[in-house]
Amino acid sequence: MYNVVFVLGPPGSGKGTICAQIQENLGYVHLSAGDLLRAEREREGSQFGALIEGHIKNGSIVPVEITCSLLENAMIANKEANGFLVDGFPRNEDNLSGWKKQMGGKVNEQFVLFLSCPVDVCIDRCLHRGQGRTDDNVESLKKRVETYNQQTFPIIEQYEKHGMVREVNSQRPISEVYQDVVEVFSAANQK
Ligand SMILES: Nc1ncnc2c1ncn2[C@@H]1O[C@H](COP(=O)(O)OP(=O)(O)OP(=O)(O)O)[C@@H](O)[C@H]1O
Ligand SMILES: Nc1ccn([C@H]2C[C@H](O)[C@@H](COP(=O)(O)O)O2)c(=O)n1
Ligand SMILES: [Mg+2]
């Protein structure tokens, strides 16, 4: 049974940044769905490269069969891990239903870490991120934010109805955000 913490929030809210620090200090393995998809996009011989790039540029969501298989393969490859930070997933209903179908009975969903941050702050962070991403531009970000508002936030609300969401305000210095996140993990792992 894989222990899983989902990490969700608007593009640029700091999911990858915080997950890297959690991985370094709390023994969880960070699996960024976006990073896995970008790696698949670049993989020699991948049949999904163009499809993935189209969705990334368009800020839309890749079919869950592709993303969930990348996530499960990464978990299998790290099966000794205490737990997994699944960053940027589930991002819509297709992700959620596909996850339940493929991973049901294999995972223990501990909670959803929701990084909340005003969209204008998030957009500015992405525009200054300097990682050369094909979707860190005004046009793609507009679509990514729309996808987040229309498709991803409703997923967070579903988990909230089950008391599974731990919200942390990420419009603060990274060190302060991380301090709160550590407390969330401490509380969850004391149960
Ligand atoms: N608390 C913070 N304060 C200021 N800058 C931050 C903070 N957290 C992250 N950043 C910066 O904002 C940018 C986006 O952070 P990050 O890549 O972690 O976001 P993300 O939620 O993973 O974004 P995406 O969904 O686009 O992958 C990075 O340049 C990062 O260094
Ligand atoms: N569950 C997911 C996660 C990501 N993607 C695609 C679409 C996103 O805009 C892009 C970048 O993700 P990020 O690195 O910003 O978390 O990757 C997806 O289709 N499905
Ligand atoms: Mg990220």
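Located above this text is the structure these notes cover.
Owing to the predicted nature of the structure, the values given are computational and were not obtained by experimental measurement.

**Q** What exactly am I supposed to notice about the sheet that holds strand β4 (residues 107-116) here?
**A** In any sheet, the strands associate via hydrogen bonds between backbone groups, in a parallel or an antiparallel arrangement. Judged by pairing direction, the sheet is parallel, and its five strands sit side by side in the order β2-β3-β1-β4-β5 without closing on themselves. The open sheet is flanked by β2 (28-32) and β5 (165-169), the only strands paired with a single partner. In this sheet, neighbouring strand axes are inclined to one another by 25° on average, regardless of whether the strands run parallel or antiparallel. Inspection of the sheet shows strand β1 (residues 2-8) paired to β4 by seven bridges, in the parallel sense. By the bridge assignment, V7 is partnered in β4 with L113. Strand contacts of helix α2 (residues 33-42): β2 and β3 (83-87), with the helix running at about 55° to β2, the strand carrying the most contacts. Together, β1, β2 and β3 form the strand contacts of helix α4 (residues 64-77), whose direction differs from that of β3 by roughly 155°.

**Q** Explanation requested: the site of ligand 2 in the structure shown.
**A** As a matter of local geometry, ligand 2 sits amid 15 residues, with R38, V62, R91, N95 and R133 nearest to it. Between N95 and ligand 2, the recorded distance is 3.0 Å, taken from a side-chain N or O atom to a nitrogen atom. R133 places a side-chain nitrogen or oxygen 2.9 Å from an oxygen atom of ligand 2. A total of 440 Å² of accessible area belongs to ligand 2 in isolation, and the protein chains cover 96% of it. When residues of the shell around ligand 2 are assigned to their parent elements, the largest contribution, four residues, is made by α2. Residue composition of the shell around ligand 2, grouped by class: six nonpolar, four polar and five charged.

**Q** Would you take a moment to explain the site of ligand 1 for this structure?
**A** Residues in contact with ligand 1 amount to 16 residues; listed here are only the nearest, K15, T17, R129, R144 and R172. Here an oxygen atom of ligand 1 sits 3.0 Å away from a polar atom, N or O, in the main chain of G16. At 2.7 Å from a nitrogen atom of ligand 1 is found a main-chain nitrogen or oxygen belonging to R172. Residue contributions to the shell around ligand 1 peak at three residues, all from helix α1 (residues 15-26). Residues belonging to the shell around ligand 1 are distributed by class as follows: three nonpolar, six polar and seven charged.

**Q** So what exactly am I meant to see when it comes to the packing of α1 against helix α8 (residues 174-190) here?
**A** If you want to describe how two helices pack, look at the angle between their axes and the distance between the axes. Contact geometry for α1 and α8: axes closest at 10 Å, N-to-C directions at 55°. Between α1 and α8, the crossing angle belongs to the class labelled oblique. Handedness of the crossing formed by α1 with α8: right-handed. Residues T17, I18, Q21, I22, N25 and L26 of α1 form the contact with α8, whose own contacting residues are I174, V177, Y178, V181 and F185. Residue classes in the contact of α1 with α8 are distributed as eight nonpolar, three polar and no charged.

**Q** Help me out: how do you make sense of the pattern of salt bridges in this one?
**A** Under the criterion given, the structure shown has eleven salt bridges. For the salt bridge of R41 with E53, the shortest nitrogen-to-oxygen distance reads 2.5 Å. In this pair, R41 sits in helix α2 while E53 sits in helix α3 (residues 49-58), placing the two residues twelve residues apart along the sequence. On the basis of relative accessibility, which here comes to 17%, the residue E53 falls in the buried class. R172 serves as the salt-bridge partner of D180, at 2.7 Å between the closest nitrogen and oxygen. Residue classification places R172 among the partly exposed residues on the basis of a relative accessible area of 24%. The network of salt bridges with shared partners includes R129, R133, D135, D136 and R144.

The rules behind each value
- Residues numbered from 1 in each chain as written.
- Chains lettered and ligands numbered in written order.
- Predicted model: local features only at pLDDT ≥ 70, side-chain atom pairs only at ≥ 80, totals over all residues.
- Heavy atoms only, no water.
- Pairing = 2+ DSSP bridges.
- Helix = DSSP H or I, 4+ residues; strand = E, 2+ residues; numbered from the N terminus.
- Axes fitted to C-alpha atoms, helices over the stretch in contact; angles between N-to-C directions.
- Contact = heavy atoms within 4.5 Å.
- Near = heavy atom within 4 Å.
- Polar contact = N/O pair within 3.5 Å; in protein donor to acceptor, adjacent residues only side chain to side chain.
- Areas by Shrake-Rupley, 256 points an atom, 1.4 Å probe, with all protein chains shown as cover.
- Nonpolar A, V, L, I, M, F, W, Y, C, P; charged D, E, K, R; others polar.
- Parallel < 35°, antiparallel > 145°, perpendicular 65-115°, else oblique.
- Left-handed = near helix turned anticlockwise from the far one by under 90°.
- Salt bridge = Lys/Arg side-chain N within 4 Å of Asp/Glu carboxyl O.
- Buried < 20%, exposed > 50% of the residue type's maximum accessible area, 1.4 Å probe, protein only.

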